[in-house]
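# Working through the structure, step by step
Chain by chain, the residues run as shown.
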There are 2 protein chains.
Amino acid sequence: MRIPIDHQSNTAMYKQISEFLRESIYSGSLQAGTRLPATRQLARDLGVNRITIANAYAELQADGLIYSQQGSGTYVATPPALPPCAKKEENNDHLPPWQQQLQEQPWMPSTRFLEALSQKYARPGIISFEGATGDSRLFSIDDFRKVIQSILRRDREEALDYGERAGYSSLRRTIAQILTTQGIAARPEEVLIASGSQQALALVIQALLHPGDTILVECPTYAGALDLFRAYGLNITGVPLDEKGMCVEKAEEIIQREQPRLIYTIPNFQNPTGVCLSGYRRRQLIALACNHNIPILEDDFVGDLRYEGYIQPALKALDPGGWVIYVSTFSKMLMPGLRVGFLVAQGPIYERLLSYKRVSDLATSNLVQRALDAYITVGRYQAHLRRSCQSYRRRCQAMINAIEHHLPSGVRFIPPKGGIFAWLQLPHNLDTLKLYPMACEEGVAYTPGFVFCCDSSGKDCLRLNFAAQPPEMIEEGIKRLGKTLQRAIKTYAI
Amino acid sequence: MRIPIDHQSNTAMYKQISEFLRESIYSGSLQAGTRLPATRQLARDLGVNRITIANAYAELQADGLIYSQQGSGTYVATPPALPPCAKKEENNDHLPPWQQQLQEQPWMPSTRFLEALSQKYARPGIISFEGATGDSRLFSIDDFRKVIQSILRRDREEALDYGERAGYSSLRRTIAQILTTQGIAARPEEVLIASGSQQALALVIQALLHPGDTILVECPTYAGALDLFRAYGLNITGVPLDEKGMCVEKAEEIIQREQPRLIYTIPNFQNPTGVCLSGYRRRQLIALACNHNIPILEDDFVGDLRYEGYIQPALKALDPGGWVIYVSTFSKMLMPGLRVGFLVAQGPIYERLLSYKRVSDLATSNLVQRALDAYITVGRYQAHLRRSCQSYRRRCQAMINAIEHHLPSGVRFIPPKGGIFAWLQLPHNLDTLKLYPMACEEGVAYTPGFVFCCDSSGKDCLRLNFAAQPPEMIEEGIKRLGKTLQRAIKTYAI
């Protein structure tokens, strides 16, 4: 145990010790039942006389904060309640000036806002279409447990070392092979493993942009990307979407006006709208980027989850050489908590991204990378993907049917052909943030649309995740959403 | 399999497909032995006629790039060697202009430089005192394997979900308890889990500083921190160290002149010098920070590894409230590849740091956090720490003895009392980077001192990690270093 002692202080040493312990007990950092060190031990640790410790303990014992147990030692008791004003941290007047300044510039990621919103209106039995992952119940934990076992038995210490900074080489080979089957000719040395695709996006921003630079995005787009761009001080400029994805023909004018340094796009089953960029527009977008010397950041977070229609080539597959940085992840499909994503890049930018990876967190967990690689290599990933795809296809259909059946006719919506999201636009300018508490009352939750927008649009929109619930829950949840909308239309007397 | 097809192209469709596959085979992304999809399957995937696929396959087969196996399918053959100019990526003339610009502004983290240096001069039998971790052979992999097993059995999907963004709450409680025993009164809600202490440092920089701001550091200091500060565009200003750590009395003048926005310090067993900040200077530093309204970033990466002398309170333990952000890690002592570190902060800065954590990578691997928590809670961490401490104490002594015995008398060095590093200053202005190849020839490797310096100093210094080698290897390694120095002194005719 380390206790700070000021030898120059006017406060007696035993008093300094007892005060420190008192504060620790009241603050909860020394919890009831914790065994304190023996006086001899603590005296040695602190370089003080044993009597000093005995005096400190005696005082705390007299106050009922600790107790001795014959032959076993001294323990922390449950402290009596303090008067409410005693917690000095509640009073921000004592904060350092630099912290007070921070307080005056509040900034909160929208994901934090959504979490707080969801917690505030949570109630039992709510059917939530929030969230941005698949259904983890479809995943076989036991398979994965066995894989980790075999990795630790096989690789021993090596699995717990830093490993290669670009990522475990066998996993990079595996990823390159998977991408090749998807038309992306990536070599292992062009793959960089990151701690989730969120980190991959952050690395690209750090390596390519400066605060004050402009980035072009689809509007609406992934809220976590907007959070990142805002945190980095970027100007965000949006291009609208239609059922064929980003309206690339409108992008040229915006590019000329705003001079963006990067184009961020989600071409497949876009978050939040669920739409896919058409093949024609994909080629248009590449040409636009090349003509204006702008790199493309392609976020392909669920490209594998197609339930109908033809696959379009990834932008990366159309890349004439070094223009597109491709980002993807295993998190959505497998286990978000593993935090393994990756990017693919060619040219000097790859080395730059690797440098930012090093300064950001040195490397991604080696053990998890090795486990993931083994899991994929023995074919379990592919099997899981097939199972998930079958299941999500049914859920997608259930969502489409339920929307058509239970929601009022003014609701606009493009039936998704894959992915995990559906996007609704409500009639009568209904504000989906204001509506949220009412929906929770009716027993259904969604993500309000404004968080996906870089401007003031999206207020009358909402996002539904259809992958995380079985069909019968989807049916019931959308029914409840229908009730909410009818109530809202009545309440606001539209 | 996804293959990009351009329906508007003048190139026949079968040719587009065969060219794509050819490129994939030559680039190695489709490896020899890989089974190709059946023609029927691929035709369906790509939405083309089966004959088109058959033609493409026939062409590749004629070129010996693929082969059919009766009743089993079509496989990738080992491709014949290409003439060297055929790899277009080697030719940087085809790079996009924005990538050519990157090429003109090269920037490399020193850790990358060191890795390349070490690889260049690697030879069998070399005794390396490089590296910055303990000895992973002391760690019981089997204990850890069992812990992961029990976590996955107990927590199931929950262990693979994102979890709490600030970190697994039980692990945060455990950390708060450990810190309390070290005199740091931290509450679980003041602890933030990061992907290694490197990420914790990065979060603090992002949350508090802007490019162009000045940061005050010890000179020399942790090279990975310098890399981070440079990547973020900070001005770095150094304060010298002596055997009592940072010369705080010299810092005041520098602070007045340079107006730093943050003080970064490693008070315990500093990296690379191994010295500890004295108790008096700790209090001086806190007072200085408060007087000048500057936050302190305290990096306590091996504070637990003391082999002699008294423990000084952490700066965080002396914090009058919200001034010190404390960063530490389990990586050095346990398994660097796990990537779990943490920080402790009070006041509005905590929430700000959490926001940057979210945008950086959403959360740290939940499974790994849970396993680590269980490992610590059952007392295995403490047992491992005790074992490591005993072992490293002997190695530290072996290093001190060997240096005194084998190195020429002009070598200056402060015997470490803990940690994992010793720091040498060579006589005659010997340049430790220039000496490195000679040392490797003699069969010993160290880290050249210049990488730890924010200015042009440190060229005649080197860092030794004594924790990663058993005593007999330390003795032998230092003997070889002695030979190197004697040879150098002769060679350079000093």
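Residues numbered from 1 in each chain as written. Chains lettered and ligands numbered in written order. Predicted model: local features only at pLDDT ≥ 70, side-chain atom pairs only at ≥ 80, totals over all residues. Heavy atoms only, no water.

## Here we look at the side chain of Arg281(B)
All names here are of chain B. The cut-off we apply is this: Each helix is a run of DSSP H or I of at least 4 residues and each strand a run of E of at least 2, with the numbering of both proceeding from the N terminus. Between N or O atoms, a polar contact is any pair within 3.5 Å; within protein, one atom must be a potential hydrogen donor and the other a potential acceptor, and residues adjacent in sequence are included only when both atoms are from side chains. Here a residue-residue contact requires only that any non-hydrogen atoms of the pair lie within 4.5 Å.
Checked against the element boundaries, Arg281 lands in helix 11 (residues 279-292). A polar contact is formed between the side chain of Arg281 and the backbone oxygen of Gly245, at a distance of 2.9 Å. In this structure, Arg281 is in contact with Asp242, Lys244, Gly245, Met246, Cys247, Val248 and Glu249, ignoring residues within four places of it in sequence.

## Some thoughts on the interface of chain A and chain B
To keep things clear, this is the line we draw: What counts as buried area is the accessible surface, traced by a 1.4 Å probe, that two parts surrender upon association, with contributions from both included. When a carboxyl oxygen of Asp or Glu is within 4 Å of a side-chain nitrogen of Lys or Arg, the pair counts as a salt bridge. Only Asp, Glu, Lys and Arg are considered charged in this grouping, and only Ala, Val, Leu, Ile, Met, Phe, Trp, Tyr, Cys and Pro are considered nonpolar; every other residue, Gly among them, is considered polar.
Tallying the contact residues gives 120 residues for chain A and 119 residues for chain B. By the criterion of area lost to chain B, the three top residues of chain A are Arg2(A), Trp98(A) and Leu160(A), representing 9% of everything that side buries. The tally of links from chain A across to chain B stands at six salt bridges. The tally of links between chain A and chain B comes to 34 residue pairs in polar contact (both at pLDDT 80 or more). For the side of chain A that touches chain B, the leading source of residues is helix 13 (residues 348-361) of chain A, giving eleven residues. Class assignment of the residues belonging to the side of chain A that touches chain B gives a composition of 55 nonpolar, 36 polar and 29 charged.

## Some words on the nonpolar core
The nonpolar side chains of soluble globular proteins are, as a tendency, buried together. Worth spelling out the cut-off: We call a set of buried residues a nonpolar core when its members are Ala, Val, Leu, Ile, Met, Phe, Trp, Tyr or Cys and they connect through side-chain atoms within 4.5 Å of each other. A simple rule labels every residue: compare its accessible area, found with a 1.4 Å probe on the protein chains alone, to the largest value its type can have, and call it buried under 20%, exposed over 50%, or partly exposed in between.
Among the nonpolar cores identified, the biggest contains 281 residues, and Phe144(A) and Phe144(B) are the most heavily contacted of them. Among all residues touching Phe144(B), those that are not within four sequence positions of it are Leu152(A), Leu160(A), Leu367(A), Phe139(B), Met335(B), Leu338(B), Ala371(B) and Tyr375(B).

## So, helix 11 of chain B
Let me state the cut-off plainly: Expected span of a helix: the number of residues minus one, times 1.5 Å.
In a regular helix each residue adds 1.5 Å, so 14 residues correspond to 20 Å; helix 11 of chain B covers 20 Å between its end C-alpha atoms and thus fits that length. Restricting attention to buried positions, one finds in helix 11 of chain B the residues Gly279(B), Arg281(B), Arg282(B), Leu285(B), Ile286(B), Leu288(B) and Ala289(B).

## Remarks on helix 17 (residues 471-491) of chain A
All names here are of chain A. Between its first and last C-alpha atoms helix 17 spans 30 Å; for 21 residues at 1.5 Å apiece the expected length is 30 Å, and the two agree. Among the residues of helix 17, those classed as buried are Ile474, Gly477, Ile478, Arg480, Leu481, Gly482, Thr484, Leu485, Ala488 and Ile489. For helix 17, the elements touching its buried residues are strand 4 (127-128), helix 15 (380-406), strand 14 (421-425), helix 16 (432-442), strand 15 (444-445) and strand 17 (461-465).

## Notes on the relation of the copies chain A and chain B
Defined as follows: Residues below a pLDDT of 70 in either copy are left out; the C-alpha atoms of the rest, at least 70 in both, set the least-squares superposition of the copies.
Superposition record for chain A on chain B: RMSD 0.1 Å, screw rotation 180°, translation along axis 0.1 Å. Here the two chains are linked by the operation of a two-fold rotation axis. Among all residues of chain A, the one whose C-alpha sits closest to the rotation axis is Gln149(A), at a distance of 3.8 Å. Both copies contact each other with a shared surface, as 98% of the interface residues of chain A are interface residues in chain B too.

## Regarding the pairing of strand 9 (residues 262-265) of chain B
Residues and elements named next belong to chain B. Put simply, the rule is: Between any two strands, at least two bridges found by DSSP are needed for them to pair.
Residues Leu262 and Tyr264 of strand 9 are buried on one face, and the alternating residues Ile263 and Thr265, pointing to the opposite face, are buried as well. The pairing of strand 6 (residues 214-219) with strand 9 spans three bridges and is classified as parallel. Opposite Val217, over in strand 9, you have Tyr264 as the bridge partner. The pairing of strand 9 with strand 10 (residues 296-299) spans three bridges and is parallel. What sits directly across from Tyr264, in strand 10, is Leu297.

## So, the domain arrangement of chain A
Definition in use: For the domains described, the bounds stem from an automatic or database domain assignment.
When its domains are assigned, chain A resolves into domain 1 (13-86), domain 2 (110-132 + 383-492) and domain 3 (141-378). On a C-alpha basis, the centres of domain 1 of chain A and domain 2 of chain A stand 53 Å from each other.

## Some remarks on the pattern of salt bridges
If you walk through the whole model with that rule in mind, you get 52 salt bridges over all chains. Taking the shortest distance from any N to any O, the salt bridge between Arg480(A) and Glu476(A) comes out at 2.9 Å. Residue Arg480(A) and its partner Glu476(A) are located together in helix 17, separated by four residues, close to a single helical turn. The shortest N-O distance in the salt bridge between Glu59(B) and Arg22(B) comes to 3.1 Å. One end of the pair, Glu59(B), is in helix 3 (residues 50-62); the other, Arg22(B), is in helix 1 (residues 13-27), with 37 residues separating them in the sequence. Since its relative accessible area comes to 18%, Arg22(B) is described here as buried. Connected via shared salt-bridge partners are Lys15(A), Glu19(A), Arg22(A) and Glu59(A).

## Regarding the sheet that holds strand 1 (residues 35-36) of chain A
All names here are of chain A. Taken together, three strands build an open sheet; the order of strands is 1-3-2 and the sheet is antiparallel. In this open sheet, the two edge strands, each paired with only one partner strand, are strand 1 and strand 2 (66-69). Relative to strand 3 (residues 73-76), strand 2 is paired through four bridges, and the arrangement is antiparallel. Note that in strand 3 the partner of Tyr67 across the bridge is Tyr75.

## Side note on the confidence of the model for chain A
In low-pLDDT segments, the atomic positions of the prediction should not be examined closely. All names here are of chain A. Here is the rule: A residue's pLDDT is simply how confident the predictor is in it, with values from 0 to 100.
For chain A, per-residue confidence averages 91 on the pLDDT scale, and 96% of positions sit at 70 or higher. Low pLDDT, under 50, characterises residues 82-90; the stretch is placed with four contacts to residues that sit more than four places away or in other chains. Two numbers describe this predicted complex: its pTM, 0.84, and its ipTM, 0.84.

## Side note on the sheet that holds strand 16 (residues 447-448) of chain B
All names here are of chain B. Pairing in this open sheet of four strands is antiparallel, and the strands run 13-14-17-16 from one edge to the other. Strands with a single pairing partner mark the edges of an open sheet, and in this sheet they are strand 13 (412-413) and strand 16. Bridge count between strand 14 (residues 421-425) and strand 17 (residues 461-465): five bridges; the pairing is antiparallel. From the neighbouring strand, Gln425 faces strand 17, where its bridge partner is Cys461.

## Examining the packing of aromatic side chains
For the record, the criterion: Geometry of aromatic contacts follows a simple scheme: Phe, Tyr and Trp rings, the Trp one being its six-membered ring, pair when their centres are within 6.5 Å, and the pair is stacked under 30 degrees between planes, edge-to-face over 60, tilted otherwise. We count a charge as sitting over a ring when the NZ of a lysine or the CZ of an arginine lies within 6 Å of the ring centre and within 35 degrees of the ring normal.
In this structure the tally under the stated criterion is 29 aromatic pairs over all chains. Between Phe139(B) and Phe144(B), the ring centres sit 6.0 Å apart and the planes meet at 55°, which makes this aromatic pair tilted. Per residue, the accessibility class of Phe139(B) equals that of Phe144(B), and both read buried. Through pairs of rings, three or more aromatic residues link up here, namely Tyr121(A), Tyr436(A) and Tyr446(A). Above the ring of Tyr162(A), the side-chain terminus of Arg165(A) is found at 4.8 Å from the ring centroid.

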